[in-house]
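# Structural overview
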Amino acid sequence: MRRGRLRLALLALPAMVVSSVLTASPSEGANPAEETVAGQVRREDPELVRIELAGAAMLDKVNDAGFDIEHGLKRVPNGIEGEVLATTEEIAELRAIGVKVLDDDEGFVWPEEADGGIATTSDAQSVQPLTHQTTVRVVRADWFTTKGQGFLYVEARTTEGQQESPIVGMQVENDSGKNTPFGFARTMSRFVDSGQYMFHRNLFKLDTRPRQVRITSSTGGITTGAVSDWLEGAPPPLTERPGYRYDFIGGYQHPQQLYARAREIAEQYPGIAEIIHLPNRTHGYQRKAQATIGGTGQSAVVVSSAAWGHEGGNDITVEFVDRPGADLPLGVEVTGNAVRVQLAKDAGGALASTAAQVATVLETQSQGLIDRAHPYRSNAGTGIVAATTGPVALTDFLDQKRAGAPEGEVPRGPATIPVLRIGRHRDGSKPGVLIQAQDHAREWVPATTSLETAERLVRNYSTDRETKRIVNDTDVFFILSNNPDGANYSFYNFALQRKNLTNHCPDEDADPGRRDSWGVDLNRNYRVGSGHDGYAGGSTSCTSATYQGPEELSEPESKNIVWLVEKYSNIKFMMSVHSNGGQLFWQPGAYIADGRITTPRPPLGDEAFYWQSAARILSQVKAYRETVVTPENVGGSSDVLYSSAGNVREDLYYTYGIYAFGWEVGGSVYNPATGDWQGGSFQPPWEGDPNLVSGHSETMEYANGIMEMFRVAAEWGRDRKDPTSQLKPGGGRFRDPVDARFETNEPATIYYTTDGSRPTLQSPRYEATEFREPGQVFHVTETTTFHWFSVDAAGNVERNYDPDKNGRYRKATITIVD
């Protein structure tokens, strides 16, 4: 029997008051790191520094303080390492709030050599079989190769890992193949996040593939595990098929280019492609014209036009005038677009208008030209305003192009985002796949990767059998840039822009010196595991890089995604493409920092399906130039990286049952010339050494991966085969208590009972022993009958059993003989 996919209700997500420390932006009042030039504020150029954070709560602190977490975030034993742009003064502030600023030679690196391991207790046990009493477990042991070098990644867990005094250490040893002894002991790194023990890990080079590893804890626990291959022996990519066409993208493309090509594809290939226009228009590449007049102290006034800059705001001038005489009132004179503030004078003929008073008359007496005027940032505006040397022109700053910006002008005003839909049968009968790129504006490679994939589909449809099968059996929706306003700002004005251009900031953060920090992080604006419900990783500070918006789904871009998946309910797969961490992840993606309480983990069957799909997708990435996304960078995103409250993946999976992946393309590439891993950036050089990062190479290899995701979806749609499962060791008579567990022949979720009742979808679900681990072990001490059935990822139910009616389910009785 084929059933609709189980939809997981998120009825009991934990909520709490946001516990992140909310601080003011790094500059308050007059800032010695800033200077006033031509009526505007220019900051000292920041430098890129590496930092270590204890976990999500500290990451929130840094974001809330207005710092730009640049890139290079990775999980390390003591939390998270990353990079931040900061001035000298801001580096001091980082240290003051508890951030460890790393020197050039600091930071976590995997040890190269075997160090002899750890000292263990004298009463070390023999190797433990996998039972309910096991204290040490191998989570993963993966062998992979890249560019002629072998690596072994090992992840293990001890039930005593949370212990702090003394901290429990672990070591790993490996053999060198069949019938060889264990050796090469290495100390494993203990990973902790937000005060909670996660696992011990190690990654190291090996020249020979081992068959087994042995893990020993400092308290005597010991176990062994088999080594598996990671991304080895994958089938060749589609690009190696005779006559297959690829490599269509010649460089980075801004939204206008992306959207124009999407429309061209729909016109050129009307039998398999069309354009859908999303209903909610964006805020637009537009800003109010502004000026900060009078420095940054108590006498400063920030002025903003009522009209958008391109609609007349840029034509406005503001002048503060010192008139001759005494006892003169404060007033405003408007001539055309010229606003002249007649400053008040006291009985002695001295200027007497405060910044707060000037702001008030500008808002009330400028004849509608100025709709926002206020003191600078958190100042009270008590200082006496000085006259200007002449009119100060307001500007929206959008004509101030950054070095290297593309030629031409950007269309102003709200934008309509097109969706390029590709499929032979676009009637909802085939599984839909949503590819969403560039939620974050500065991430340029995801857009080119997505367009390259679309080109491969349409250009090879008539000549390549496998491509034709993909297009015939799937319904693909491409959003080539989900943040066109921010992306244009990144291309033309500020390369590191992350958010959209909506400005929700109050007066204290509304001056033009903050303009590169405005906007909403679209991947924090969704409804599940939201920062509004106390989950870490979404900020309430409007200048934070992870600002979640004033409410859930406040932004048109996020509303559009919800509209799309609700209108086209055949969408069952989604890839949110980001850069540049070199990770592939899914749920859970958010947690409450206090206690590290995650959103519900996917059922064991969905988790296994995610891992199976990830291995296929990443094998095709590797096929291009042997780039390996390592196992440590695959899994639930809150386990792989950090908590990202209110992300799109969480919403689509928990609300609509969509298999929703997040992909950080790029990341580290192994360089055999130097023998180490070299990181990337949001906008790497388009061409470059194949052993190093480049936009072109990343586009090609990750397009391979997206093509494989389409094949996963197509096979999912064709799957009509029921799963099978069994209870190990199975039913029978036993003299002693038995440890039992379920096994399935494919990724599938098991529902079971032990009280004699018929199993249903409301019955207990077979769970993992611990996150990233296989299924739990049942310790059976008395006669117990298990009733169960399994459901695979495509909704096929074992033995065609109908959980809502009678039918055949699986049974086994373990009889314990006294």
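Quick caveat: nothing in here was measured; it's all calculated off a predicted structure. (Residues numbered from 1 in each chain as written. Predicted model: local features only at pLDDT ≥ 70, side-chain atom pairs only at ≥ 80, totals over all residues. Heavy atoms only, no water.)

## Let's talk about the overall build of the protein chain
Per the secondary structure count, the protein chain includes 12 helices and 41 strands. Here the protein chain has a C-alpha radius of gyration of 30 Å; the compact-globule value for 818 residues is 28 Å, and the two agree. The principal-axis extent of the C-alpha atoms belonging to the protein chain is close to 110 × 70 × 55 Å. Burial status across the protein chain gives 59% buried among its 818 residues. Sequence separation of 24 or more characterises 75% of the internal contacts of the protein chain that already satisfy a separation of 6 or more. Split by element, the accessible area of the protein chain, about 30,400 Å² in all, is 47% carbon and sulfur. Here the protein chain contributes 80 positively and 106 negatively charged side chains, and the mean placements of these two sets differ by 9 Å. (Helix = DSSP H or I, 4+ residues; strand = E, 2+ residues; numbered from the N terminus. Rg over C-alpha atoms; globule rule 2.2 N^0.38 Å. Buried < 20%, exposed > 50% of the residue type's maximum accessible area, 1.4 Å probe, protein only. Contact = heavy atoms within 4.5 Å. Areas by Shrake-Rupley, 256 points an atom, 1.4 Å probe, with all protein chains shown as cover. Lys, Arg positive; Asp, Glu negative; His and termini not counted. Charge placed at Lys NZ, Arg CZ, Asp CG, Glu CD.)

## Focus: the side chain of Arg190
Residue placement: Arg190 occurs in strand β12 (residues 189-193). Residue class for Arg190 comes out buried when judged on its relative accessible area of 14%. A distance of 2.9 Å separates a polar atom in the side chain of Arg190 from the backbone oxygen of Gly161. Within the structure, Arg190 has its side chain in polar contact with the side chain of Glu164 (distance 3.2 Å). (Polar contact = N/O pair within 3.5 Å; in protein donor to acceptor, adjacent residues only side chain to side chain.)

## A few points about the pattern of salt bridges
By the definition in use, this model includes 45 salt bridges. For Arg601, the salt bridge goes to Asp639, with nearest N and O atoms at 2.8 Å. Remark: Asp639 occurs in helix α10 (residues 637-640) and Arg601 occurs in the loop between β30 (597-598) and α9 (604-625); sequence separation between them is 38 residues. For Arg601, a relative accessible area of 29% puts it in the partly exposed group. Looking at Asp639, the relative accessible area reads 2%, which means it is buried. Glu715 serves as the salt-bridge partner of Arg616, at 2.8 Å between the closest nitrogen and oxygen. Taken together, the residues Arg616 in helix α9 and Glu715 in helix α12 (residues 695-718) connect sequence positions 99 residues apart. Here the salt bridges share partners, and the residues they tie into one network are Arg75, Asp193, Arg596, Arg601 and Asp639. (Salt bridge = Lys/Arg side-chain N within 4 Å of Asp/Glu carboxyl O.)

## Considering helix α8 (residues 556-567)
Side chains of residues three or four places apart in an α-helix project in the same direction, reflecting 3.6 residues per turn. Helix length check: α8, at 12 residues, gives a terminal C-alpha distance of 16 Å against a target of 16 Å (1.5 Å per residue), a fit within 8%. Three or more residues of α8 are buried, namely Pro556, Glu557, Ser558, Asn560, Ile561, Val562, Leu564 and Val565. Lining the buried residues of α8 we find β26 (432-437), β27 (475-479), α7 (484-492), β28 (571-586) and α11 (648-656). (Expected span 1.5 Å × (residues − 1).)

## A word on the pairing of strand β8 (residues 136-146)
With 9 of its 11 residues buried, β8 lies for the most part within the structure. Bridging between β8 and strand β9 (residues 149-158) involves 10 bridges; their strand directions are antiparallel. Across the sheet, residue Thr146 finds its bridge partner in β9, namely Gln149. Hairpin connection of β8 to β9: 2 residues between the antiparallel strands, including Lys147 at a positive phi of 55 degrees. Inspection of the sheet shows β8 paired to strand β16 (residues 228-229) by 2 bridges, in the parallel sense. (Pairing = 2+ DSSP bridges.)

## Digging into the state of the cysteines
Under the definition given, this model contains 1 disulfide. Here Cys505 is linked by a disulfide to Cys542, with a sulfur-sulfur distance of 2.1 Å. Given an S-S torsion of about 115 degrees, the disulfide between Cys505 and Cys542 has right-handed geometry. Residue Cys505 is found in the loop between α7 and α8, and its partner Cys542 is found in the loop between α7 and α8; the two are separated by 37 residues along the sequence. Overall, Cys505 belongs to the buried group, its relative accessible area being 5%. (Disulfide = S-S within 2.5 Å.)

## What about the confidence of the model for the protein chain?
A residue-level look at the protein chain finds 92% of positions with pLDDT of 70 or above and a mean pLDDT of 91. Between residues 1-43, whose pLDDT stays under 50, and residues either more than four places distant or in other chains, the model counts 116 contacts. (pLDDT = per-residue confidence, 0-100.)

## A look at the packing of aromatic side chains
Applying the stated criterion across every chain yields a total of 40 aromatic pairs. Between Trp230 and Trp611, the ring centres sit 6.2 Å apart and the planes meet at 70 degrees, which makes this aromatic pair edge-to-face. Residue Trp230 is found in the loop between β16 and α3 (255-268), and its partner Trp611 is found in helix α9; the two are separated by 381 residues along the sequence. The two residues Trp230 and Trp611 agree in class, both being buried. For the ring pair Phe573 and Phe609, a centre distance of 6.2 Å and an interplane angle of 55 degrees mean the geometry is tilted. Taken together, the positions of Phe573 in strand β28 and Phe609 in helix α9 put the pair 36 residues apart, joining distant regions of the chain. For Phe609, a relative accessible area of 7% puts it in the buried group. Among the aromatic residues, those joined into a ring-pair cluster are Trp230, Phe573, Trp586, Phe609, Tyr610, Trp611, Tyr653, Tyr654, Tyr659, Phe661 and Trp716. Arg186 extends its terminal NZ or CZ atom over the ring of Phe204, reaching a point 3.9 Å from the ring centre. Across from the ring centre of Tyr461, 4.0 Å away, lies the NZ or CZ of Lys468, which sits over that ring. (Phe/Tyr/Trp six-rings, centres within 6.5 Å; stacked < 30°, edge-to-face > 60°. Lys NZ or Arg CZ within 6 Å of the ring centre and 35° of its normal.)

## What about the sheet that holds strand β39 (residues 778-780)?
The 3 strands lie next to each other as β35-β37-β39, forming an open sheet whose pairing is antiparallel. In this open sheet, the two edge strands, each paired with only one partner strand, are β35 (725-728) and β39. Each strand axis lies, on average, 30 degrees off the axis of its neighbour in the sheet, ignoring direction. Inspection of the sheet shows strand β37 (residues 738-744) paired to β39 by 3 bridges, in the antiparallel sense. Opposite Asp739, over in β39, you have His779 as the bridge partner. (Axes fitted to C-alpha atoms, helices over the stretch in contact; angles between N-to-C directions.)

## Concerning α7
Counting buried positions along α7 yields 9 of 9 residues, so the element is predominantly enclosed. When α7 is considered as a whole, its buried residues turn out to be Pro484, Asp485, Gly486, Ala487, Asn488, Tyr489, Ser490, Phe491 and Tyr492. The inward-facing, buried residues of α7 abut α3 and α8.

## A closer look at empty space enclosed by the protein
Taken as a whole and assessed by the stated rule, the structure comprises 3 cavities of 30 Å³ or more. Lining the largest cavity are 30 residues, with Leu73, Arg498, Leu641, Tyr642 and Glu664 sitting closest to its centre. Broken down by secondary-structure element, the contributors of at least two residues to the lining of the largest cavity are α1 (56-64) and β28. The element contributing the most residues to the lining of the largest cavity is β28, with 6 residues. Residue composition of the lining of the largest cavity, by class: 8 nonpolar, 15 polar and 7 charged. (1 Å grid on protein atoms, 1.4 Å probe; cavity = no way out; pocket = protein on both sides within 12 Å on 5 of 7 lines; lining within 4 Å. Points joined across faces, edges and corners; volume = space filled by probe spheres on them. Nonpolar A, V, L, I, M, F, W, Y, C, P; charged D, E, K, R; others polar.)

## A look at the nonpolar core
With 103 residues, the main nonpolar core has Leu434, Ile435, Phe478, Leu652, Trp663 and Phe710 as its most contacted residues. With 8 residues, α12 is the single largest residue contributor to this core. Contact partners of Ile435, with chain neighbours within four places excluded, come to Ser450, Val476, Phe477, Phe478, Ile479, Met575, Val577, Ile706, Met709 and Phe710. Listed in part, the 24 residues of the second largest apolar core include Val303, Ile316, Leu343 and Val358. (Core = buried A, V, L, I, M, F, W, Y, C linked by side-chain atoms within 4.5 Å.)

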